[in-house]
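So the chains spell out like this:
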Amino acid sequence: MENFSEVLALFLSVDNFLAIAAGVLVGVVVGAIPGLTATMAVALALPFTFSMEPVTAILLLVGIYKGGMYGGSITAILIRTPGSPASACTLLDGYPMAQQGKAKKALKTALYSSVVADMISNVALIFFASYLAKIALNFGPPEYFWLICFSLTIIVSVSGSSVVKGLIAAGLGIIVSTIGLDAVYGTQRLTFDNYNLMDRVSFIPLLIGLFAIPEVIEFYTSKVAPHIRTAVSGASLTWKEFKGLLKTIVRGSVIGVIIGAIPGTGATSAAFISYSEAKRTSPRKANFGKGEVEGVAAAESGNNGVAGATLIPLLSLGIPGDVITAIILGAFMIHGLTPGPVLFQENLTLVYALFCGIMVSSFVLVFVGNAAIRYFSLIADIPKTILLPIVLMFCIYGAYAVNNSTFDIGLMLAFGVLGFVFNRTGIAAAPFLIGFILGPMFEDNLRRTMLISKGDLSIFFRGPITWVFILLTVASLIFAIRRYWVARKEDALA
Amino acid sequence: MEKSELQFAAASESHYGRCNPNSILGGTFSILALGFLFYVIPAFIEIPAYMQHPLLSPRFLPQLAGWLVLALSLLLMIDGLIKPPKRSETDEFRRGVPIMRQVLMVAAGIVYVLFFEELGAIGSGVLASVLLFLASGLRTIWVYALAIIFPAVVTLLFIYVLNVPLPPGTLWESLSLI
């Protein structure tokens, strides 16, 4: 009871509510602007959180994440441009519905499916994260070493169209993560005698550089694409129709939760699995792909069911489930917190305050989402010619704010150019970030294990937990390789 | 034209030749990885005299990642040579972009990197935004007012609302002293 009052005292502040509302609003707006992504918005918002309390800061980023997940579906439905890869499934039925004059119904279905799935996902987070964290308290460095190895296999799933290119990007990310003073011996590594690099490469300039600057460079090095406008029209979703969709939404949410809790599987696969499952069981399966409202509900519930669940491995084990949670992991670190079982031991109040905020964010999404539907044209019609110079300004100011150093601006632009080269050559930037974050964790746990065992390698196979992670790593790799070969075969046939 | 020639023409339009992005990328990364493994690591990562185990070496992880990049780059290069990738539709959007547009974008980047502290956050923001508006070919005057308003508002937001200090500009400070 005492803890409960502490949680409420920490959570019930105007700042937290404003952060949630602002986060969801920014997420929906950015997600609804074609070409801008939720990842970019979370990266750009990170410097704004420096002076905030940790709970407020994390809630702002989580709000953007959740808003962005829904915002992506608005453009998918109205202009056939998914704001995120996960929204690609929504356009299969959402866009045909918009063409049939049922845009409003499609958008409302997407919104309410997203909100219900988000709530179910949040409940799963609250129940499972602390349970998993309790188990993780038994982990030592060898167990963590294998857990990191397992987590590194998520690189395969965030590699986009080419696994080889994704792994190259991850290797480069690991190399960049080793720049700085060596943690054990204190010797310089790849610093080239530059004192700016002694304290590692700053996270925020790297993040903004990789995820925001390439969009700006891409715009100024490409022809301007024609602007497509679609009005939000037609009848809205009725309560009876919504009740009819509930079964599909709950099933999609559960699929999203299960998939989201596994690091690296991602919202895209959850959306497609939920969609195919709905199609398989629906009496109107022939209508799927031609403007079936159940298709939109299935895709969006699968997609949003992931949002809360990806925070399960992050909070309980300190392992990011996808790119956005990798950024949120960085935010925890910036505020002096380390996600994982110790967070539940030392900052339980903070964890539960976060849970409260995450639940509230689902309700906020209802209001903001409805407003976004009404005012979509105002959001989407902001021309990029005006928007992108402002985005660049935010990038520059954000990078500078980290250390008050113009070196970080240069570093950010350098990573921006790298991100642009990645874009042009079909290399996903996400594996680079995952490599950059997990590389030091891998090295740290490897070294701690070696120091504990005094060089005896048998410690890596010391108990059932290590074997569980070894088997998971091997299984994940086999699954990834199999998926890679199937994709190659399909590509060859096409 | 023969049927086979037509097929060849269609194929050459949709696929790159041997000199394709994948083989060039793989080749470039291979050379860089070799340089990293055999020059950068020995020259810029010291090995302590009292190292207890090779796995504890400061060179271990960079070397592991370097070899990974090398092996995968060679794989990518070979894959590109054997099976050239398809051209994407987005390639069309990247042709014929005015060079001045790109030059002005680079100039805006240079303004931020080289003159951020001298001109200050507002000054460099205004100048860079004007350059980027010019790059987009904007001709409406009121839009250029935004190039002044936005940097000022965003800077004040950072400084006074978020308590994040941004440079006022050493140039203006020295001018005010004169």
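Refer to the structure presented above.
None of these values were measured; they are calculated from a predicted model.

S.K.: Sorry, what's going on with the overall build of chain B here?
M.R.: Within chain B one finds 7 helices and 0 strands. Overall, chain B shows an N-to-C arrangement of helices and strands of α-α-α-α-α-α-α. Counting over 178 residues, chain B shows a buried share of 39%. Residue pairs at least 24 apart in sequence account for 63% of intrachain contacts in chain B once pairs closer than 6 positions are excluded. If you sum the accessible surface of chain B, you get close to 10,500 Å²; carbon and sulfur atoms cover 71% of it.

S.K.: I keep staring at the interface of chain A and chain B and nothing clicks. Help me out?
M.R.: By a widely used convention, the size of an interface equals the accessible area lost when the partners come together. Each partner contributes residues to the interface: chain A has 62 residues there, and chain B has 69 residues. Between chain A and chain B, roughly 5,800 Å² of surface is buried when both sides are summed, and carbon and sulfur atoms account for 75% of that area. Taken as a group, Tyr185, Tyr220 and Tyr397 of chain A account for 14% of the area that chain A buries against chain B, more than any other trio of residues on that side. Run the count over chain A and chain B and you get 0 salt bridges. Applying the counting rule to chain A against chain B returns 9 residue pairs in polar contact (both at pLDDT 80 or more). Sorting the residues of the side of chain A that touches chain B by element identifies helix 9 (163–177), strand 2 (188–189), helix 11 (213–220), helix 20 (384–403), helix 21 (406–424), helix 22 (430–453) and helix 23 (464–493) of chain A as the ones contributing at least two each. The dominant element in the side of chain A that touches chain B, judged by the number of residues it contributes, is helix 20 of chain A, at 12 residues. Taken together, the residues of the side of chain A that touches chain B sort by class into 37 nonpolar, 15 polar and 10 charged.

S.K.: Would you take a moment to explain empty space enclosed by the protein for this structure?
M.R.: Residues and elements named next belong to chain A. In this structure the tally under the stated criterion is 1 cavity of 30 Å³ or more. Put simply, the largest cavity is a space of about 50 Å³. Lining the largest cavity are Ile58, Val62, Leu311, Leu314, Leu315, Ile328, Phe332, Leu354 and Ile358. For the lining of the largest cavity, the secondary structure elements donating two or more residues are helix 4 (54–79), helix 15 (311–317), helix 16 (323–334) and helix 18 (348–374). A breakdown of the residues in the lining of the largest cavity according to their chemical character gives 9 nonpolar, no polar and no charged.

S.K.: How do you make sense of unusual backbone geometry when you look at a structure like this?
M.R.: Keep in mind that most residues, glycine aside, have a negative phi and that most peptide bonds are trans. All names here are of chain A. Its identity as a non-glycine residue notwithstanding, Leu190 has a phi of 50°, on the positive side. Mapping Leu190 onto the fold places it in the loop between strand 2 and helix 10 (203–211). Backbone geometry places Lys454, a non-glycine residue, at a positive phi of 55°. With respect to the element layout, Lys454 can be found in the loop between helix 22 and helix 23. Classification of Lys454 as exposed rests on a relative accessible area of 77%.

S.K.: What should I look at first to understand a nonpolar patch on the surface in this one?
M.R.: All names here are of chain A. Taken together, the side chains of Leu246, Val250, Val254, Ile258 and Ile262 present a nonpolar region at the surface, about 370 Å² in accessible area. For Val250, the position within the fold is in helix 12 (residues 239–261). Val250 gets classed as partly exposed once you look at its relative accessible area, which sits at 37%.

S.K.: Quick question: what am I supposed to make of the packing of aromatic side chains here?
M.R.: The geometry of an aromatic ring pair is captured by two quantities: the separation of the ring centres and the angle between the planes. If you walk through the whole model with that rule in mind, you get 26 aromatic pairs over all chains. Their ring planes at 40° and their centres at 4.9 Å tell us that Phe48 of chain A and Phe158 of chain B sit as a pair that is tilted. In this pair, Phe48 of chain A is assigned in the loop between helix 3 (38–45) and helix 4 and Phe158 of chain B in helix 6 (residues 141–161), connecting two distinct chains. Summarising the burial analysis for this pair, Phe48 of chain A and Phe158 of chain B share the class buried. Ring geometry for Tyr397 of chain A and Phe158 of chain B: centres 5.7 Å apart, planes at 85°, overall edge-to-face. Placement of the pair is Tyr397 of chain A in helix 20 and Phe158 of chain B in helix 6, with the two residues belonging to separate chains. Across this residue pair, the class does not change: Tyr397 of chain A and Phe158 of chain B are buried. Counting every residue linked through ring pairs, the aromatic cluster contains Phe48, Phe394, Tyr397 and Tyr400 of chain A together with Tyr112, Phe116 and Phe158 of chain B. Positioned over the ring face of Phe436 of chain A is Arg200 of chain A, at 5.2 Å from the centre of the ring. Residue placement shows Arg101 of chain B over the ring face of Phe219 of chain A; its charged tip is 4.9 Å from the ring centre.

Rules and cut-offs
Residues numbered from 1 in each chain as written. Chains lettered and ligands numbered in written order. Predicted model: local features only at pLDDT ≥ 70, side-chain atom pairs only at ≥ 80, totals over all residues. Heavy atoms only, no water. Helix = DSSP H or I, 4+ residues; strand = E, 2+ residues; numbered from the N terminus. Buried < 20%, exposed > 50% of the residue type's maximum accessible area, 1.4 Å probe, protein only. Contact = heavy atoms within 4.5 Å. Areas by Shrake-Rupley, 256 points an atom, 1.4 Å probe, with all protein chains shown as cover. Buried area = accessible area lost by both parts, 1.4 Å probe. Salt bridge = Lys/Arg side-chain N within 4 Å of Asp/Glu carboxyl O. Polar contact = N/O pair within 3.5 Å; in protein donor to acceptor, adjacent residues only side chain to side chain. Nonpolar A, V, L, I, M, F, W, Y, C, P; charged D, E, K, R; others polar. 1 Å grid on protein atoms, 1.4 Å probe; cavity = no way out; pocket = protein on both sides within 12 Å on 5 of 7 lines; lining within 4 Å. Points joined across faces, edges and corners; volume = space filled by probe spheres on them. Patch = residues over 30% accessible without salt bridge, like charges linked within 9 Å, V, L, I, M, F, W, Y side chains within 5 Å. Phe/Tyr/Trp six-rings, centres within 6.5 Å; stacked < 30°, edge-to-face > 60°. Lys NZ or Arg CZ within 6 Å of the ring centre and 35° of its normal.

Everything listed is a geometric property; what it means functionally is a separate question.
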